[in-house]
Amino acid sequence: MFLHSYKITHTLPCLADPMKIRVIADVSEEIQEVFPYLNAVLKGCIYNHPANTLTIRKDQKLITLHAVHITLAKIEDEKEAEEILSWLRDLINETYEKREQIEPNYSMAAELKALDIFKLLPGTSCKKCGELTCLAFAVKLVGRDIEIKKCDPLFSEKYQEKRKVLFELLHAAGYDVPNVFLDS
Ligand code: SF4
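Let us look at the structure shown here. Only a predicted model underlies this, so the values are computations on that prediction, with no experimental measurement involved.

Glancing now at the overall build of the protein chain. Of regular secondary structure, the protein chain possesses six helices and six strands. For the protein chain, the sequential pattern of α-helices and β-strands runs β-β-α-β-β-β-β-α-α-α-α-α. A globule of 184 residues ought to have a C-alpha radius of gyration of about 16 Å, and the protein chain, at 17 Å, matches this closely. C-alpha extents for the protein chain along the principal axes are approximately 55 × 35 × 25 Å. With 184 residues in all, the protein chain has 44% of them scored as buried. Taking all contacts inside the protein chain whose residues are at least 6 apart in sequence as the whole, residues at least 24 apart take part in 55%. Approximately 10100 Å² of the protein chain is accessible, and the part contributed by carbon and sulfur atoms is 51%. For the protein chain, the distance from the average site of its 24 positive side-chain charges to the average site of its 28 negative ones is 7 Å.

Our next topic: unusual backbone geometry. The backbone of N52 shows a phi angle near 60°, a positive value even though the residue is not glycine. Within the secondary structure, N52 is located in the loop between β3 (46-48) and β4 (53-58).

Given a rise of 1.5 Å per residue, 13 residues ought to cover 18 Å, and the 18 Å separating the end C-alpha atoms of helix α5 (residues 160-172) matches this to within 8%. Listed in full, the buried residues belonging to α5 are R163, V165, L166, F167, L169, L170 and A172.

Inspection of every chain in the model, using the stated rule, returns three aromatic pairs. Between the aromatic rings of F35 and Y47, the centroid separation amounts to 6.4 Å while the plane-to-plane angle is 85°, which identifies the pairing as edge-to-face. Of this pair, F35 sits in helix α1 (residues 35-41) while Y47 sits in strand β3, and the two are 12 residues apart along the sequence. In this structure F35 comes out as buried when scored by relative accessible area, which is 0%. A cation over a ring is seen here: K58 above W87, with NZ or CZ 4.5 Å from the ring centre. Its guanidinium or amino end placed over the ring of Y96, R99 lies 3.8 Å from that ring's centre, counting from NZ or CZ.

Our focus in this paragraph is the sheet that holds strand β2 (residues 21-27). In spatial order, the strands read β1-β2-β6-β5-β4-β3; together these six strands make up an open sheet with antiparallel pairing. With one partner strand each, in any of the chains shown, β1 (6-13) and β3 form the two edges of the open sheet. Looking at each pair of strands side by side, their axes are set apart by 15° on average, direction ignored. Of the pairings in the sheet, the one linking strand β5 (residues 61-65) to strand β6 (residues 69-75) comprises four bridges and is antiparallel in character. For T64, the partnering residue across the bridge sits in β6 and is T71. Each of β1, β2, β4, β5 and β6 is contacted by helix α2 (residues 78-97), which is oriented at about 135° to β6, the strand it contacts most. In the packing of α5 onto the sheet, the strands contacted are β2, β3, β4 and β5, and the crossing angle to β3 comes to about 70°.

In terms of burial, β5 is a largely internal element, five of the five residues being buried. Where burial is concerned, the two faces of β5 agree: the one with K61, I63 and L65 and the one with L62 and T64 are both buried. Pairing geometry for β4 and β5, over five bridges, is antiparallel. The partner of K58 across the bridge, within β5, is K61. Connecting β4 to the antiparallel partner β5 that follows it, the hairpin turn spans two residues, and D59 within it adopts a positive phi of roughly 50°.

The rules we used
- Residues numbered from 1 in each chain as written.
- Predicted model: local features only at pLDDT ≥ 70, side-chain atom pairs only at ≥ 80, totals over all residues.
- Heavy atoms only, no water.
- Helix = DSSP H or I, 4+ residues; strand = E, 2+ residues; numbered from the N terminus.
- Rg over C-alpha atoms; globule rule 2.2 N^0.38 Å.
- Buried < 20%, exposed > 50% of the residue type's maximum accessible area, 1.4 Å probe, protein only.
- Contact = heavy atoms within 4.5 Å.
- Areas by Shrake-Rupley, 256 points an atom, 1.4 Å probe, with all protein chains shown as cover.
- Lys, Arg positive; Asp, Glu negative; His and termini not counted.
- Charge placed at Lys NZ, Arg CZ, Asp CG, Glu CD.
- Expected span 1.5 Å × (residues − 1).
- Phe/Tyr/Trp six-rings, centres within 6.5 Å; stacked < 30°, edge-to-face > 60°.
- Lys NZ or Arg CZ within 6 Å of the ring centre and 35° of its normal.
- Pairing = 2+ DSSP bridges.
- Axes fitted to C-alpha atoms, helices over the stretch in contact; angles between N-to-C directions.

This is how it looks when you write it as structure tokens:
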């Protein structure tokens, strides 16, 4: 067996949805070797090879695999986290077992969708960024035609939670997000 076990180490309020939780679990083995194979078999992954992360979206949940830990966002409770982690462990093991029949995919793949970005913007269409609507801004951002820092309202305290999730998503997709923003 490639991955034997996992252990939940942190249960925190979810940054994207205060009614839900964010869970961090350590894994018993380093799992990054399986990322390019998972990236090949799963739809909608974002594989950041240099950063060694693989982000999976499953039923509105955001799951990010790192070499030695996994983070789950928008989770109902620990029971749901356990179910997802158990599913992930099986998926990782099955994929690893079949790896010789899978062509590994090292590309970033899963293009970030403008709508995914739009949902994490303030949504006020205030035009401060020079665009008529937040959706227009999201379309330009996904095409790398505008920088995230142009959305001034996003940097207010009110949008701290959305900002954090958005920056994680952008970072995972290989967009340039300064570390100072990731920590904010
Ligand atoms: S500045 Fe931000 S909130 Fe205002 S329209 Fe642009 S993207 Fe939307």
